[in-house]
Amino acid sequence: MKQRILTGAIAGAGFLGLLAAGGNWFAALILLMAVIGYDEFVRMNNLKQHRITWLLGMAALVLLTLPWETHRFTYELNEIGLIWGAAFVLLSATVFSKNKITIDMISLLFLGVVYIGVGFHYMIMTRWIEDHGLFWTMLIFVCIWATDSGAYFIGSKFGKRLLWPVISPKKSVEGALGGVLVAIVVALCFSLYRPDLLDPARAVLLGVVVAVSGQLGDLMQSAYKRVKGIKDTGTILPGHGGILDRVDSWLIVFPLVHWLALIPY
């Protein structure tokens, strides 16, 4: 527990510092986390032995993660084009390797590229929102963290009905609902602080979406690890596991709030 608290305090302070700094500092941190997270994904699927496909996947991941919308390119990049390009390059590997690299392997690599790359990309783009990027990014992160804390403490105190015991035996329905309630309260506090940016109705909707999708993202990662028979995706954070263990909710929440147009983009 002491190691867990120490690691959490150091990592949290560093993360919040670079989040406050914003710009290329925060983007570099998120890109580094994406690269480490992708390597964890490849390792837990036992795909690291094919170096070429790992490198191709990593290149595709970096392109998807980078905030290309905020910079000028000679060719206008778009998300669909990048995703299709990643699929094309990875599928080509099955041909050039004469099926030593199989379609099953490529499918897993492609899933990792999209799941991790797109999720981290929207974290960067949220911080890059003109003038108020820090407000919106902090809003989403605090709602996610409040959901986790609310679900844990309310579930520990009042939890009776298990939410999804086959996947996560300790989570309860009461805890999940408590997490939603706490996230709504947090979002309303942000609305009170900046009513010009966030009205109460949207705050409530945002709190619900973040809490529900965040908990679903957590369950997705739990389900995947259960299939693979592992407790953590990595060991880079002593007492906390890997990068993917820490960002499972983030990877789902950030793209979703943008796609639902709950925050500016």
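Just above sits the structure.
What comes next is a walk through the structure. (Residues numbered from 1 in each chain as written. Predicted model: local features only at pLDDT ≥ 70, side-chain atom pairs only at ≥ 80, totals over all residues. Heavy atoms only, no water.)

Time to look at the overall build of the protein. Within the protein one finds 9 helices and 2 strands. For the protein, the N- to C-terminal ordering of α and β elements is α-α-α-α-α-α-β-β-α-α-α. Computed over the C-alpha atoms, the radius of gyration of the protein is 19 Å, within 12% of the 18 Å expected from 2.2 N^0.38 for a compact globule of 265 residues. Its C-alpha atoms give the protein principal-axis dimensions of about 55 × 45 × 30 Å. (Helix = DSSP H or I, 4+ residues; strand = E, 2+ residues; numbered from the N terminus. Rg over C-alpha atoms; globule rule 2.2 N^0.38 Å.)

Quick look at the pairing of strand β2 (residues 168-172) now. Consecutive side chains along a regular strand alternate between the two faces of the sheet. Pairing geometry for strand β1 (residues 162-164) and β2, over 2 bridges, is antiparallel. The residue bridging L162 from the neighbouring strand is S172, located in β2. Hairpin geometry of β1 and β2 is characterised by an intervening segment of 3 residues between the two adjacent antiparallel strands. (Pairing = 2+ DSSP bridges.)

One can find N45 in the loop between α2 (23-44) and α3 (51-65). The buried category is assigned to N45, whose relative accessible area is 6%. In terms of polar contacts, N45 uses its side chain to reach the backbone carbonyl oxygen of F41, at 2.8 Å. Other than its neighbours up to four places away in sequence, N45 contacts L108, Y224 and K228. (Buried < 20%, exposed > 50% of the residue type's maximum accessible area, 1.4 Å probe, protein only. Polar contact = N/O pair within 3.5 Å; in protein donor to acceptor, adjacent residues only side chain to side chain. Contact = heavy atoms within 4.5 Å.)

The end-to-end C-alpha separation of helix α4 (residues 79-96) is 26 Å, in line with the 26 Å expected for 18 residues at 1.5 Å each. Where α4 is concerned, the buried positions are E79, L82, A86, A87, L90, S92, A93 and T94. On its buried face, α4 is in contact with α3, α5 (103-127) and α9 (243-259). (Expected span 1.5 Å × (residues − 1).)

The next thing to look at is α2. End to end, α2 covers 32 Å across 22 residues, agreeing with the expected 32 Å (1.5 Å per residue, within 8%). Of the residues trailing α2, N46 is marked for its positive phi of about 55°.

Our focus in this paragraph is the packing of aromatic side chains. Overall, the coordinates contain 12 aromatic pairs when judged by the stated rule. With centroids separated by 5.4 Å and ring planes inclined at 5°, the aromatic side chains of W84 and F88 adopt a geometry described as stacked. Here W84 pairs with F88, and both are found in helix α4, just 4 residues apart, close to one helical turn. Site record: aromatic cluster; members linked through ring pairs are F15, F26, F141, W145, W250 and F254. (Phe/Tyr/Trp six-rings, centres within 6.5 Å; stacked < 30°, edge-to-face > 60°.)

All right, on to the environment of G133 then. Position of G133 among the secondary structure elements: in helix α6 (residues 133-158). On the basis of relative accessible area, G133 is assigned to the buried category, the value being 2%. Sequence separation between G133 and L19 is 114 residues, and the spatial gap between their C-alpha atoms is 9.9 Å. If we skip the residues at most four places from it in the chain, G133 touches T126 and R127.

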